[in-house]
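Each chain, letter by letter, is given below.
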Amino acid sequence: MDYNLYNTIKILKKLSGSGNTVYISSGELAEELGVSQQTSSRFIIELADKKYIERTLQNRKQKITLLEPSLDLLYSELNQLNSILEMRQEFNLKGEIQSGLGEGKYYISQEGYMAQFLDKLGISPYPGTLNIKIFPEYENVLRRIRSADGIHIGGFKDKERTFGGVKCFSGRIDGTRAWLIFPERSNYTDIVEIISDKFLRKDLKLQDGDELNIRVALDH
C-alpha cells in the first residue's frame, strides 16, 4: 500500500481512540498529516474507493469509520514489527463455548485438509471443531491473531466443489494442545473454531456456556 494512505489510516486510528470512528474535517486531517487540505481530501476519497474506510458528511465534518481491511493492515504491521524485533508473541483468548452448525465435521474430514493437517501440524484431527465466542474485551487480541500469517493449509478442489485455504495457530487449553483455524478469505467474526487430535468436549468435560481460556502462540 502507498505510504501516504497507510499513514492516513494510522492517524485516523489514533484519533478514533478505542473505537474505529472519528469526526473530522479535511482541514483538521490535513493539519494532522502535515499536507494540504486538497491532498488530505484526495487520501480520504482514495481510501473510501478502496473500501478501507466508510465516510459520510455530518455538520461540516466527515464521519469516518475504519473498515476491516484497515484494521487488518494495522494489526498485520504490528505482528511484523514484533517478529522483526524478536518479541515473543503469546496471548490469552477467553470466550464461551457454543454449538456450531455441524459443518466442522464435514470440512475437517476432507482428505485435502486432513493430509495437510498431518503434514504441517502433526495431527489427525478429531472430525469436528470446538466453537468459542470470544468475549468483547479480547477483540483486539483476536484481531491480532487473525492478522498474523499462521501455518498455511492450502485450498483444493474435488469433483464437486472448491475448498478454500485456512491458516492455523498453535494453542493450549488447560495444557491440551489445540489449533485455532481461520478461513483465509472471510469477514471478521468473534467465533473461533478449534481443532485437536482429541475430542475436546469429552476429554476436558466441556459443555455449551462454559468459559474457556486459550493460550495462543504466534511464533511457533
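All values derive from a computational prediction rather than experimental measurement.

Describing the overall build of the protein chain
Then, in step 1: Secondary structure summary: the protein chain contains eight helices and 12 strands in total.
Then, in step 2: Expressed as a percentage of its 220 residues, the buried residues of the protein chain come to 40%.
Then, in step 3: Long-range pairs, those at least 24 residues apart, make up 65% of the contacts in the protein chain between residues at least 6 apart in sequence.
Then, in step 4: Counting only carbon and sulfur atoms, one obtains 47% of the accessible surface of the protein chain, whose full area is about 12700 Å².
Then, in step 5: Side chains of the protein chain give 30 positive and 31 negative charges; the mean places of these two sets differ by 1 Å.

What about the nonpolar core?
Then, in step 1: Ranked by internal contacts, the top residues of the largest apolar core, which has 23 residues, are Leu93, Leu130, Leu180, Ile194 and Ile214.
Then, in step 2: Going through the elements one at a time, strand 4 (90-98), strand 5 (130-134), helix 7 (139-147), strand 9 (166-173), strand 10 (176-183), strand 11 (191-195) and strand 12 (211-217) are the ones with two or more residues in this core.
Then, in step 3: Beyond its immediate chain neighbours, meaning those up to four positions away, leucine 130 contacts Ile97, Ile173, Val192, Glu193, Ile194, Leu200, Arg201, Leu206 and Leu212.
Then, in step 4: Judged by nonpolar contacts, the second largest core, of 19 residues, contains Leu5, Leu33, Phe43 and Leu47.

Some thoughts on the packing of aromatic side chains
Then, in step 1: Counting across every chain of the model gives nine aromatic pairs.
Then, in step 2: Here the aromatic rings of tyrosine 107 and phenylalanine 163 are separated by 6.1 Å at their centres, their planes lie at 80°, and the arrangement is edge-to-face. Residue tyrosine 107 is found in helix 5 (residues 103-108), and its partner phenylalanine 163 is found in strand 8 (residues 162-163); the two are separated by 56 residues along the sequence.
Then, in step 3: Tyrosine 107 sits in the partly exposed class, given a relative accessible area of 29%.
Then, in step 4: Ring centres 5.8 Å apart and planes at 70° place the aromatic pair phenylalanine 169 and phenylalanine 182 in the edge-to-face group. Separated by 13 residues along the polypeptide, phenylalanine 169 in strand 9 and phenylalanine 182 in strand 10 bring together distant segments of the chain.
Then, in step 5: Here phenylalanine 182 falls in the buried class, since its relative accessible area comes to 2%.

A closer look at the pattern of salt bridges
Then, in step 1: Scanning the model with the defined rule gives nine salt bridges in all.
Then, in step 2: Salt-bridge contacts for glutamate 28 lead to lysine 61; the nearest nitrogen and oxygen are separated by 3.2 Å. Here glutamate 28 is found in helix 2 (residues 26-33), whereas its partner lysine 61 is found in strand 3 (residues 61-66), with 33 residues between them in sequence.
Then, in step 3: Using a relative accessible area of 33% as the deciding quantity, one classes glutamate 28 as partly exposed.
Then, in step 4: Aspartate 197 is the salt-bridge partner of lysine 198, the closest N and O atoms lying 3.6 Å from each other.
Then, in step 5: A residue is classified by how much of its surface remains accessible, and lysine 198, at 37% relative accessible area, is partly exposed.
Then, in step 6: If you follow the salt bridges from partner to partner, you end up with Glu68, Glu139 and Arg143 in one network.

Rules of the game
- Residues numbered from 1 in each chain as written.
- Predicted model: local features only at pLDDT ≥ 70, side-chain atom pairs only at ≥ 80, totals over all residues.
- Heavy atoms only, no water.
- Helix = DSSP H or I, 4+ residues; strand = E, 2+ residues; numbered from the N terminus.
- Buried < 20%, exposed > 50% of the residue type's maximum accessible area, 1.4 Å probe, protein only.
- Contact = heavy atoms within 4.5 Å.
- Areas by Shrake-Rupley, 256 points an atom, 1.4 Å probe, with all protein chains shown as cover.
- Lys, Arg positive; Asp, Glu negative; His and termini not counted.
- Charge placed at Lys NZ, Arg CZ, Asp CG, Glu CD.
- Core = buried A, V, L, I, M, F, W, Y, C linked by side-chain atoms within 4.5 Å.
- Phe/Tyr/Trp six-rings, centres within 6.5 Å; stacked < 30°, edge-to-face > 60°.
- Salt bridge = Lys/Arg side-chain N within 4 Å of Asp/Glu carboxyl O.

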